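Structural overview
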Amino acid sequence: MRNTPLSAWFGFTIIAIYAFLAIFGPWIAPYGESAIVGDVWLPMSSEHWLGTDNLGRDILTRLLYGAQNTIAVALAATLLSFALGMSLGFLAAVVGGFTDQAISRSVDVVMSIPTLIFALVVLSVLPSSTLVLILVIAVLDSTRVFRLSRAVAVDVAVMDFVEVARLRGEGLGWVIRREVLPNTLPPLIAEFGLRFCFAFLFLSALSFLGLGIQPPAADWGGMVRDNANAVSFGLTIPLIPAGAIALLTVAVNLVVDWQLNRASLLRGRA
Amino acid sequence: MNAVLRLLAQRIALGAGSLLAVSVLIFLGTEILPGDVAQAILGQAATPEAVAAIRETLDLNQPAYIRYFDWLGGILQGDLGTSLANRRPIGEMIGERLQNTLFLAAVSAAIAVPLAVFLGLIAARFRNSWLDKSISIATLSTISMPEFFVGYVLIFIFAVTLRWAPSLASVYDSMSLGEKLYAIALPCATLTLVVVAHMMRLTRAAIINVMSSPYIEMAELKGVTRSRITLYHAFPNALSPIINVVVLNLAYLVVGVVLVEVVFVYPGMGQLMVDAVAKRDVPVVQACGLIFAAAYILLNMTADILSILSNPKLRHPRS
Amino acid sequence: MSKYDYLAWLAKSGGVTRREFMNRAAALGVTTALATSFAGKAFAQEPQKGGDLKIGIDGGESTNSLDPATYLSTYIQTVGFQWGNCLVELDENAKIIPELAESWEPSDDATQWVFKLRKGVQFHNGKEMTAADVVYSINHHRGEGTESAAKTYLEAITDLRATDTHEVTVTLNSANADMPYIMADYHLLIMPEGSDPASGVGTGPFVIESFEPGVRTFATRNPNYWKDGRAHVDSVESLVLNDLTARTSALQTGAVHIVNRVDPKTVDLLKRAPGVQIIAVPSAGHYLFPMRTDMAPFDNKDMRLALKYAIDRKDIVDKILRGYGEVGNDHPIPSFDPFYAADIPQHNYDPDKAKHHFQKSGASGPITLHISNAAFTGAVDAAALYREHAAKAGITINVERTPEDGYWTEVWMNKAFCGSYWGGRPTADLMLSVAYKSDAAWNDSYWKREDFDKLLIAARGELDTAKRKQMYHDLQVMIWEDGGVVIPMFNNYIFAGRDNVAGLVPSPVLTGLRMSEQLYFTS
């Protein structure tokens, strides 16, 4: 750990703070989650540190409550999509042939259905619960993850060391875990950092359709959306939830960069 | 080379197959959508009698598979059908909007792709320097905001406050290319900001991944400069993931820009499809969906073909 | 908007005559001297001719058609009044005044109405308008095969015929003292006999030059326009601006001269922008929460009363409408309607009463309110407020947000408790017939009372105003006390314009739809 660069420490610190706030937010928050405490779009003050939102609710309070909803959904959805996308992607790349084509083309088909229609159909047929929301984001994202992991893995799968391992009679799982995975990790780690952030944005896009996390529960993407109009008058209120997402994204990616470094160092120079 | 050709032919045939499969899915998907056109056309004004009258004129009482084959047959002859809501030929409705969509996507891609790859190369070359970090932080901050919000911010700064660019991206046929480019300056900037980060981060990561390979070390030992190594040794070998992420973003530029169209009032395909979905104008939804799907499949196919061509091992099989 | 702001604006807008203005001021209780000072400033100015007007309107769709049978939202209705006219139009008090019909006369029992048409009015194609054109245009919305949303209004018409070249006689299946009001509906634009309804040829102030659905419409002034003192500008370009922020910024940058549907939340901010004026018009439009009285637990009158007492209307008007609206009293008749029953006590926020009725109803457990912003602007926020209010009375409301897409087909008139919006109708009879009569297609609370229906039909045919007023009073009381709707507020229509345009006539019904022929440039 002594080689950990400053930027990674910074990233860790931010993530730790977010995690703390996400867990204990409801206890720290100065007001109730949906309590209306003042006028609409009040500027920052000693009473409302970050001002109030489009209904006169305390922004700081909403951010703290929103941390839990938003981060949990984004993290769960991203992890799920990587688990799904990577396993299918590696399987397709390593096995190749018919399996590869079958999986790839099915993913093509799912991907090519416009997201909007997909989300609309699914969310209008299924109840709009958080679990369904996570699944929808995960399935849609996993197609993208699949394409990337397959693309990286195909390059690796034709390498001599993979062939050697196969000739040695290693099983499919072993080849994927021990040969393909370490050699494809860096781009996938980078992708993870971004996909995580996209999950926030997807929540906000869903709120454009009137879907997403149920009110009055707060979510950061929805907060940006609800207050976005204020920006055309130079008010900075929607920048606050947007900034909260941005800071977390940067922090996650700083840690990702460090992991990226370690992964490539381990493989190349160790 | 024959093997490559065979691979390509196979890939193209499979692409066509997927398209057919998608057409079925889109048809079924639009059938499942709750609500129906007759009610949606009339909205709050739908009385059972009016709805029945519309259903009758629209021929909605035939079984689904017959309508599917009618539809497919029409499309193969270049007939996309007629809108249910306003009875206009869909080809006519889509034509100009498709052009607009492709125009915006092309201009944005022409700026965003080289910029992203360039930034990615710089970041990888000067890895972990302040330059690398600031590129990352800047691009990451822009993608952390929803695209409509980036659009609002740009409108406030450049249209309302500075008056440099128009806030409405209205484009007409009669405009010259220069005027059109000026009109789409802000949506184009918005899209560029939205897609650059993703491509830049992946380019950087892919190059860093390759940089730890033995042959790079070899080149370093031979005394080749870092910049030269990045550009000539690492970049070509990192192309496959880069191509994939570029294509993903191109597809987004064509298919996923509904919100940007709404914010800048740009008459593109996305808006048409959203309206059609809201009105349950099923033939229009199907036509748009199919065009979008075709774009996706075409782009994915291109990515796969380019990946095949760029992979030295695949290009030169040993046997 | 205070009444002084309103008067100042009314005077400035120049949309009413001096006499109308003074009447209005008197109605609002403003002294004559004060009103005169407003009027003095405003009416010195004659509308200027010329200029190219650009308007930014919401609710435009790429599925729009010029065929008036398909008109549903604001944008296309505004375009409709560019190319077309109706038989009658509504003035700023929502009273009918002559348009293509010069006069109208009922038979003694009000079952037959004779419309005398204006002579010498030309269609854009040069043909003169006659009774045959009127019959053709109205029949487009009647009969078995029609897909028009106006069909319901016209069902009472048993016969419609040209009784002279410029006379149309309408026969009804029952007496209706307000029948001509129906002819002001934006669907019922007059087109040449035998023409394609989607061609946009009419007698209107502007000739449509190009129509791109969901994008823009361009129209130039009709050189032969018959109406005096209207159609001042040379051309009108109507842009579809569905996004609120797009509308506001287009106005701020001067890309358009006027926009509709400004968000009340941003009005105060927009006011401060240089060169921008706000035009707020009190309207008959109202927001409501209908409860299905045919379903438990809302089949219980105490339950309905509990929910009526559990909402803090003033808070919602303050927070959602930012004061640009009026508190409602659980019946749909606006305060400026001549038949408005002013003596019905206001339902106020009263958690104790709400709790009392809730317990009396025997119900327990939470109530689910299905909502989406498709119901009305700010509906989800309003529901969040309602939830807070009701919680204080010990009533738990679960707010369930549903997709905006499909809201009117899947939720409205399906779920037991949801949100809804009525744009208001020019007469009490139309409003009550369309949503409260037992067999009304849009009776969104499924409220059925025989005595109500009988009284409503009697009131419709009653020609004695005093008797009629008492009947409408009783009808309002029935809805107020027993009905299945919580009506927290009537909204204002809020427009924002550049400060060099004027002339918008502030009608409380169909507000602003005729802005194209009314607006002119002051500089």
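Residues numbered from 1 in each chain as written. Chains lettered and ligands numbered in written order. Predicted model: local features only at pLDDT ≥ 70, side-chain atom pairs only at ≥ 80, totals over all residues.

**Focus on the confidence of the model for chain A**
Model confidence for chain A is summarised by a mean pLDDT of 83, while 92% of its residues fall at 70 or above. Mean pLDDT in chain A bottoms out at helix 4 (residues 115-125) of chain A, which sits at 71, and peaks at helix 2 (residues 59-95) of chain A, which reaches 90. (pLDDT = per-residue confidence, 0-100. Helix = DSSP H or I, 4+ residues; strand = E, 2+ residues; numbered from the N terminus.)

**Some details on the packing of helix 16 (residues 450-461) of chain C against helix 17 (residues 465-482) of chain C**
Residues and elements named next belong to chain C. At their nearest, the axes of helix 16 and helix 17 sit 9 Å apart, and the two run at 150° to each other. Taken together, the axis directions place helix 16 and helix 17 in an arrangement best described as roughly antiparallel. Seen from above, helix 16 lies across helix 17 with left-handed handedness. The segment helix 16 lies against helix 17, with F452, L455, L456, A458 and A459 engaging R468, M471, Y472, D474, L475 and M478. Class assignment for the residues of the contact of helix 16 with helix 17 results in nine nonpolar, no polar and two charged. (Axes fitted to C-alpha atoms, helices over the stretch in contact; angles between N-to-C directions. Parallel < 35°, antiparallel > 145°, perpendicular 65-115°, else oblique. Left-handed = near helix turned anticlockwise from the far one by under 90°. Contact = placed C-beta atoms within 7 Å. Nonpolar A, V, L, I, M, F, W, Y, C, P; charged D, E, K, R; others polar.)

**Section: the pairing of strand 9 (residues 216-221) of chain C**
Residues and elements named next belong to chain C. Of the strand pairs in this sheet, strand 8 (residues 206-212) and strand 9 are connected by six bridges, and their pairing is antiparallel. Bridge pairing in strand 9 places F206 opposite R221. Hairpin connection, strand 8 to strand 9: the antiparallel pair is bridged by three residues, and G214 has positive phi, about 75°. Bridge count between strand 9 and strand 10 (residues 235-240): five bridges; the pairing is antiparallel. When the bridges of strand 10 are listed, R216 appears paired with L239. (Pairing = 2+ DSSP bridges.)

**Quick word on the interface of chain C and chain A**
With 25 residues of chain C at the contact, the number on the chain A side is 19 residues. For the side of chain C that touches chain A, the element with the highest residue contribution is helix 13 (residues 379-392) of chain C, accounting for six residues. The residue makeup of the side of chain C that touches chain A, split by class, is eight nonpolar, seven polar and 10 charged.

**What about the interface of chain A and chain B?**
The parts lose accessible area when they come together, and the size of an interface is often stated as this lost area. Taken together, the contacts link 53 residues of chain A with 60 residues of chain B. Looking at the side of chain A that touches chain B, the elements with two or more residues in it are helix 3 (97-112), helix 4, helix 5 (130-157), helix 7 (172-208), helix 8 (220-227) and helix 9 (239-268) of chain A. Broken down by class, the residue content of the side of chain A that touches chain B amounts to 31 nonpolar, 13 polar and nine charged.

**What to know about the packing of helix 2 of chain A against helix 8 of chain A**
All names here are of chain A. Direction vectors running N to C along helix 2 and helix 8 enclose 130°, while the axes themselves pass 8 Å from each other. Classed by the angle they form, the pair helix 2 and helix 8 counts as oblique. Facing helix 2, whose interface residues are R62, G66 and T70, helix 8 presents W220, G221 and M223. Class assignment for the residues of the contact of helix 2 with helix 8 results in two nonpolar, three polar and one charged.

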